[in-house]
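# Chains, contacts and geometry: an overview
Here is what each chain is made of, one letter per residue.
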Amino acid sequence: MNGRRNLSSGTAMAVLSVIFFTWGALTSLNDVLIPHLKSVFEMNYAQTMLIQFTFFSTYLVMSIPAGRVVAHVGYKPSIVIGLVVAGIGALAFYPAARAPSYPLFLLALFVLASGITLLQVAANPYISLLGEPRKASSRLTLAQALNSLGHTLAPALIGPLILSVAVLGSAELAQLAAPQQEAYRIAQAESVQLPYLGIAAGLFLLASFVYLFRLPPLTEATEQADPQHHTFFEVLRHRHLRLGVVAIFVYVGAEVAIGSFLINYIADPRIGNIDAGSAARYVSYYWGGAMIGRFIGSALMRRIDPRMLLCIFALVAIALLATTIATTGAIAMWSVIAIGLFNSVMFPTLFTLGIEGLGPMTSKASSLLVMAIVGGAVVPLLQGLLADRIGVQLAFALPVLCYAYIAWYALQGSRLPALAPGHVAADMP
């Protein structure tokens, strides 16, 4: 027997929290890339939203392959592989910027997101299994708070580096000679090289540390330890899981869509009337609200039923969106930023409600819920199409519909049928 002991659950939780922080930071940098690449390649909103579409569609394409990797090699090796793949994607930003080529940027983003998908599929259930089952929700909420901290800090610390070259409007750009226009676009594109090289180095270093740590393997919780084979169709027989997949889809879609439009929306003369570089700071406030709200929400859930709290937060988000649609200036700006605070408990609560009572089918249910993160690809693209036709402000009507569904799911769709104790809650379509 090997004399080295596995890390304690608390230490393993700390290691996993660093990983949650890292992928939160990488995800929020998309909100900085959107206005940056929009300027570099002179695209409309729908074309620019291909950034989010590429990133989040990876969850749809890669979740099942990622689940097979976890089942085959286990949690710790999967986390190491995910970090390495994400590092390769970050490294690919260098040639994409040197070209510069929008398709190459999207390809690099797809590789980076593939690594993050594997991290999601491995780390979310792993966190829930580290300790007492009754505290699984609080552990996931705490990890998600660290994820939000990454969302908060990355735009503020790395965003100004990417947006360091002054953004010129189409009229200003047209006044430049052709060689000057080309030099401007190259300078804009190359401003992402150094930040993403640093990100790649950090991901490779983190993969090395995780490889050296002796994380608890938890092999008893993998599909290999389950004597009965469960299919995805069997898992989907559970109504609360099916509806939970939709809830994760619309939640992530709404959250990402709002964040994606924040810089352009706040820079609008009728809203914040500030430059894009300064507006990036407000994206940090949006994600910072989610971080603070997760700590507050974790405490509130000890006294308030999670379903009721989820419904209340969704209704407040609807009220804030209605306010930003109907007003201008500071009220419109701060009402949309404040939505981040009420997004806070939604993902961990929806995730735990979706897998509730599923027993040995939990891992397959988790894969389906992670796959639903593809909502971050679809909803922002739809909102981009709306924004091109009716304007950015009115296009916020789409997230209103998303939060309305979440409020309904909290009160009705997530309820389990009454069963005898010890039975897995199953229901037929």
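This write-up is about the structure you can find in this document.

Conventions and cut-offs
Residues numbered from 1 in each chain as written. Predicted model: local features only at pLDDT ≥ 70, side-chain atom pairs only at ≥ 80, totals over all residues. Heavy atoms only, no water. Salt bridge = Lys/Arg side-chain N within 4 Å of Asp/Glu carboxyl O. Buried < 20%, exposed > 50% of the residue type's maximum accessible area, 1.4 Å probe, protein only. Axes fitted to C-alpha atoms, helices over the stretch in contact; angles between N-to-C directions. Helix = DSSP H or I, 4+ residues; strand = E, 2+ residues; numbered from the N terminus. Parallel < 35°, antiparallel > 145°, perpendicular 65-115°, else oblique. Left-handed = near helix turned anticlockwise from the far one by under 90°. Contact = heavy atoms within 4.5 Å. Nonpolar A, V, L, I, M, F, W, Y, C, P; charged D, E, K, R; others polar. Patch = residues over 30% accessible without salt bridge, like charges linked within 9 Å, V, L, I, M, F, W, Y side chains within 5 Å. Areas by Shrake-Rupley, 256 points an atom, 1.4 Å probe, with all protein chains shown as cover. Expected span 1.5 Å × (residues − 1). 1 Å grid on protein atoms, 1.4 Å probe; cavity = no way out; pocket = protein on both sides within 12 Å on 5 of 7 lines; lining within 4 Å. Points joined across faces, edges and corners; volume = space filled by probe spheres on them. Phe/Tyr/Trp six-rings, centres within 6.5 Å; stacked < 30°, edge-to-face > 60°. Core = buried A, V, L, I, M, F, W, Y, C linked by side-chain atoms within 4.5 Å.

With that out of the way, let us pick up the pattern of salt bridges. Under the definition given, this model contains one salt bridge. Note that D268 and R270 form a salt bridge whose closest N and O atoms lie 3.6 Å from each other. Overall, D268 belongs to the partly exposed group, its relative accessible area being 23%. Look at R270 and you get partly exposed, because its relative accessible area is 45%.

Look at helix 14 (residues 239–267) against helix 15 (residues 276–300): their axes get within 7 Å of each other, and the N-to-C directions meet at 150°. As judged from the angle between their axes, helix 14 and helix 15 are roughly antiparallel. In this structure, helix 14 crosses over helix 15, and the sense of that crossing is right-handed. In this structure, helix 14 contributes Y251, A254, E255, I258, G259, L262, I263 and I266 to the contact, and helix 15 contributes A276, A279, A280, Y282, V283, Y286, W287 and R294. Tallied by class, the residues present in the contact of helix 14 with helix 15 amount to 13 nonpolar, one polar and two charged.

Moving on: a nonpolar patch on the surface. Where nonpolar side chains cluster on the molecular surface, the patch consists of I292, I296, L300, I304, M308, I312 and L411 and spans about 530 Å² of accessible area. Counting only elements with at least two residues in the nonpolar patch, the list comes to helix 15 and helix 16 (306–326). The biggest single contributor to the nonpolar patch is helix 15, with three residues. By the secondary structure assignment, I296 is in helix 15. According to the relative accessible area criterion, I296 is partly exposed, its value standing at 43%.

In this section: helix 22 (residues 397–413). Taking 1.5 Å per residue as the helical rise, helix 22 with its 17 residues ought to reach 24 Å, and the 23 Å between its terminal C-alpha atoms agrees with that figure. When we look at burial in helix 22, the residues that qualify are L398, P399, C402, Y403, Y405, I406, A407, Y409, A410 and G413. In the core, the buried residues of helix 22 are packed alongside helix 14, helix 16, helix 18 (339–343), helix 19 (346–354) and helix 21 (375–390).

Moving on, we come to empty space enclosed by the protein. Counted according to the given criterion, the structure contains two cavities of 30 Å³ or more. Space inside the largest cavity adds up to approximately 230 Å³. The wall of the largest cavity is formed by 18 residues, among which Q120, Q144, N147, H151 and E255 lie closest to the centre. Elements supplying a minimum of two residues to the lining of the largest cavity: helix 1 (9–28), helix 4 (50–73), helix 8 (136–157), helix 14 and helix 15. Broken down by class, the residue content of the lining of the largest cavity amounts to ten nonpolar, six polar and two charged.

Here we come to the packing of aromatic side chains. Summed over the entire model, instances satisfying the criterion amount to 13 aromatic pairs. Put simply, the rings of F55, F56 and Y59 touch in pairs and so form one group of aromatic residues.

Turning our eyes to something else, we now look at the environment of G244. By the secondary structure assignment, G244 is in helix 14. Residue classification places G244 among the buried residues on the basis of a relative accessible area of 1%. With 108 residues separating them along the chain, G244 and T352 place their C-alpha atoms 9.4 Å apart. Excluding anything up to four places from it in sequence, G244 contacts L369 and Y409.

To continue, consider the packing of helix 14 against helix 21. Remark: helix 14 packs on helix 21, axes separated minimally by 7 Å, with the N-to-C direction vectors making an angle of 50°. Looking at the two axes, helix 14 sits oblique to helix 21. Here the hand of the crossing between helix 14 and helix 21 comes out right-handed. Two secondary-structure elements touch here, helix 14 through F249, V252, G253, A254, V256, A257 and F261 and helix 21 through G375, G376, V378, V379, P380, Q383, G384 and A387. Across the contact of helix 14 with helix 21, the residue classes break down as ten nonpolar, five polar and no charged.

One non-glycine residue, N273, adopts positive backbone phi at about 55°. On the basis of relative accessible area, N273 is assigned to the exposed category, the value being 54%.

Moving on to helix 17 (residues 329–337). Within helix 17 the residues assigned to the buried category are G329, A332, M333, S335, V336 and I337. Turning to helix 17, the residues buried within the fold contact helix 14, helix 15, helix 16 and helix 18.

Let's shift gears to the nonpolar core. Grouped together as the largest cluster of nonpolar side chains are 130 residues, with contacts concentrated most on I19, L83, F93, Y196, V210, I339 and Y403. Top contributing element to this core by residue count: helix 14, with 16 residues. L83 has contacts with I19, L119, L203, L206, A207 and V210, leaving out every residue within four places of it along the chain.

Attention now moves to the environment of F396. By the secondary structure assignment, F396 is in the loop between helix 21 and helix 22. The spatial distance from the C-alpha of F396 to the C-alpha of L321 is 6.7 Å, given a sequence separation of 75 residues. If we skip the residues at most four places from it in the chain, F396 touches I258, F261, Y265, L321, T324, I325, V336 and Q383.

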